[in-house]
Every structure is written in C-alpha cells, then in structure tokens.
Amino acid sequence: MLRRITFVLLFFLLVFNCTVNKQPEFLGLENIKVINSNLKSITLKAEALFKNPNDVGGTLKTDNLKVYISDKEVATVMSDEFTVPTKQNFTIPLIVAVATDSVLNEKNLGGLLESLITKNLKVQYKGEIKYKVFGYSSTYQVDETQHVKIEF
C-alpha cells in the first residue's frame, strides 16, 4: 500500500513539475533555397524555426503545407512526424521536389521565363503545421514568400 501511494505521489510530482505553460513558438521560415535543379525537377528546402520553452516535447506534422512557384501551386510538403525537443530552439527541414513541367503552363509562361533569365524564383510556402502533445493539438499558420536563386 505504501509503495502504491509513493508511486502515485511521485507520478503527480513529476507531472506537476514539468512546465507545459504554452505551445512552442513558431518563429518563421528561413533558408528557403534551391538545393538541386535540373531540366526535370527542382528540389526546394526551407527550415521552419521553433522555440520550445517547455519541459515536454510533443510532435509536429506538416500535412497541408503547399508550395507555390510564381503564384502557381506546384507541390505539397509531406513529412513524417517530427519529435519536438524540450527547452530549446529547433528547426524542421521542409524538403520538396517539384517537377519542372508542373511549373510550366500558358498562364505563367512569361513570369517563368523572366524567372529563368534572372535566375530567381518566387517561392511561397503556405498552409499549416500541426502540433500535438498529451492529446492537445494546435496549428501554426505558415505564409512565407522569398525569392530564391536557381542555377541549371
């Protein structure tokens, strides 16, 4: 009986000493860049930067994060669940491969040709990143646009 009471007290002590006062803070996207490009595909990488002040982690998932090039939706970022580290800043890599023929169409051909001549692409990440911990969930809205250098 004493052992059971000790276990319950220890459990509550651990649970109430852990800080879970707020969800991790989404600081934004950084380092959007082209990591590979050829005539068939363009591979983009961005880093979602977070700060977690809590003693517990949780998980983050990017199910509905869209990528736009020159204002045209070209891909959706799909990733495995990412484990959130405790009490630190961290980044989540967002990598997506885009087929170059999905970027080409008659409506945005002029803008794309200009992008290829200047070797700059307008890349936008837009959507949600979901956070879960102990049955609680919330979402972060992402809407970040940058011009990135491309080389063939």
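Look above for the structure.
We now turn to the structure provided with this report. (Residues numbered from 1 in each chain as written. Predicted model: local features only at pLDDT ≥ 70, side-chain atom pairs only at ≥ 80, totals over all residues. Heavy atoms only, no water.)

### What to know about the nonpolar core
A general tendency of soluble globular proteins is for nonpolar side chains to be buried together.
Stage number 1. Counting residues in each nonpolar core, the largest one holds 31 residues, and the members touching the most others are Leu44, Leu60, Val67, Leu94, Val123 and Tyr125.
Stage number 2. Elements supplying a minimum of two residues to this core: strand E1 (25-37), strand E2 (41-52), strand E3 (59-69), strand E4 (72-77), strand E6 (88-99), strand E7 (120-133) and strand E8 (136-149).
Stage number 3. The element that contributes the greatest number of residues to this core is E7, accounting for 6 residues.
Stage number 4. In contact with Leu94, other than residues within four places in its own chain, are Leu29, Leu44, Lys45, Ala46, Ala48, Thr62, Leu65, Val77 and Tyr125. (Core = buried A, V, L, I, M, F, W, Y, C linked by side-chain atoms within 4.5 Å. Buried < 20%, exposed > 50% of the residue type's maximum accessible area, 1.4 Å probe, protein only. Helix = DSSP H or I, 4+ residues; strand = E, 2+ residues; numbered from the N terminus. Contact = heavy atoms within 4.5 Å.)

### A word on unusual backbone geometry
Stage number 1. Unusually for a residue other than glycine, Asn31 sits at a positive phi of about 55 degrees.
Stage number 2. When you line up the elements, Asn31 lands in strand E1.
Stage number 3. With phi around 50 degrees, Lys87 is a residue other than glycine that occupies positive phi space.
Stage number 4. Take Lys87: it is sitting in the loop between strand E5 (82-83) and E6.
Stage number 5. Residue classification places Lys87 among the exposed positions, given a relative accessible area of 52%.

That's the geometry; what it means functionally is another story.
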